[in-house]
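# Structural description and commentary
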Amino acid sequence: MGNVTSFNKQAEDILGYRADEVLGKPVNELYLNPKEPREIGKKLYLSADGRVADYETFVKNKNGEAIPIRHSSTWLYDSSGKRIGSVGYFEDLRPDIERERRIELILKANNIVVQAENMDVGLKSLAEMICDLLDTTFCRIFLLDESNRFLVAKAISLNPRYAEELNWNSGLGERTAVSEWQGLADTLATSGPRRI
């Protein structure tokens, strides 16, 4: 099992270590499973082309948190063609996982509304989902009315965890002039339920 001999800026950013903190240390200390480098080494030895590509596993950052990665590695040779080690690099998969999670949430939200018995029930379920996912005290869904001048509260969900602490009129059916929308954030910040 090898030691870390190079550690670039991207690795520093992902793992939270400075290069001088890990250079010379055993590479297995950077993996969630310390046996993982040995497994990757076996795959490298057995590969026909001397490469491992797109191997998914976990490293751990300086705080010990697991980070999903896609690892690739290849053998290093000296000028005479003698194998002297290996080089590995990895891609942080967290952005891909977050993108997939968001897509799943959008599809779930779409299905909640589309599969509901009617629009009011669908919007109410969507408001409940948003309240739960964001852990907010409440969620109101506004739709633009036919005149395009007013936003109308069509669905409201009050998070049950905060319901007893709040004394609040939900405002279902409440109309807000579109011209007043700019001030809505200030209104929410100074009145109505707040996250506790």
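One structure accompanies this document, and this report is about it. Remember, predicted model here, so these are calculated numbers, not experimental data. (Residues numbered from 1 in each chain as written. Predicted model: local features only at pLDDT ≥ 70, side-chain atom pairs only at ≥ 80, totals over all residues. Heavy atoms only, no water.)

### Some remarks on unusual backbone geometry
Quick note on the threshold: A run of H or I in DSSP becomes a helix once it reaches four residues, and a run of E becomes a strand once it reaches two; helices and strands are each numbered from the N terminus. The buried label applies to any residue whose accessible area, calculated with a 1.4 Å probe on protein chains only, is under 20% of its type's maximum; exposed applies above 50%, and partly exposed to all values in between.
Backbone geometry at aspartate 54 places phi at a positive 55°, although glycine is not the residue there. Within the secondary structure layout, aspartate 54 lies in strand 1 (residues 51-60). Residue aspartate 54 is classed as exposed on the basis of its relative accessible area, which comes to 54%. Even without being glycine, aspartate 135 reaches a positive phi, approximately 50°. Within the fold, aspartate 135 resides in the loop between helix 5 (119-134) and strand 4 (138-144).

### Some thoughts on the sheet that holds strand 2 (residues 66-77)
Worth spelling out the cut-off: Should DSSP find at least two bridges between two strands, the strands are regarded as paired. Here the axes come from fitting lines to C-alpha atoms, over the contacting stretch only for helices, and the angles between their N-to-C directions go from 0 to 180 degrees. Residue contacts are defined here by distance: any two heavy atoms, one from each residue, within 4.5 Å place the two residues in contact.
Sheet architecture is open: three strands sit in the order 1-2-3, paired in antiparallel fashion. Edge positions in the open sheet fall to strand 1 and strand 3 (83-92), since each of these has one partner strand only. Going across the sheet, the axis of each strand differs from the next one's by a mean of 35°, ignoring polarity. Two strands pair when backbone bridges link them, and strand 1 and strand 2 are joined in this way by eight bridges, in the antiparallel orientation. Bridge assignment links arginine 51 to a residue of strand 2, and that residue is threonine 74. Packing of helix 3 (residues 36-46) onto the sheet brings it into contact with strand 1, strand 2 and strand 3, and relative to strand 1 it is tilted by some 180°. In this fold helix 4 (residues 94-114) packs onto strand 2 and strand 3, with an angle of close to 140° to the strand it touches most, strand 2.

### Side note on the packing of helix 4 against helix 5
Going by this rule: Small angles under 35 degrees read as roughly parallel and large ones over 145 as roughly antiparallel, with 65 to 115 read as roughly perpendicular and the rest as oblique.
Interhelical geometry of helix 4 versus helix 5 gives an angle of 150° and a closest axis separation of 7 Å. If you check the angle between helix 4 and helix 5, you find them roughly antiparallel. Taking contact as the criterion, the partners of Leu105, Lys108, Ala109, Ile112 and Val113 in helix 4 are, on helix 5, Met119, Gly122, Leu123, Ser125, Leu126, Met129 and Leu133.

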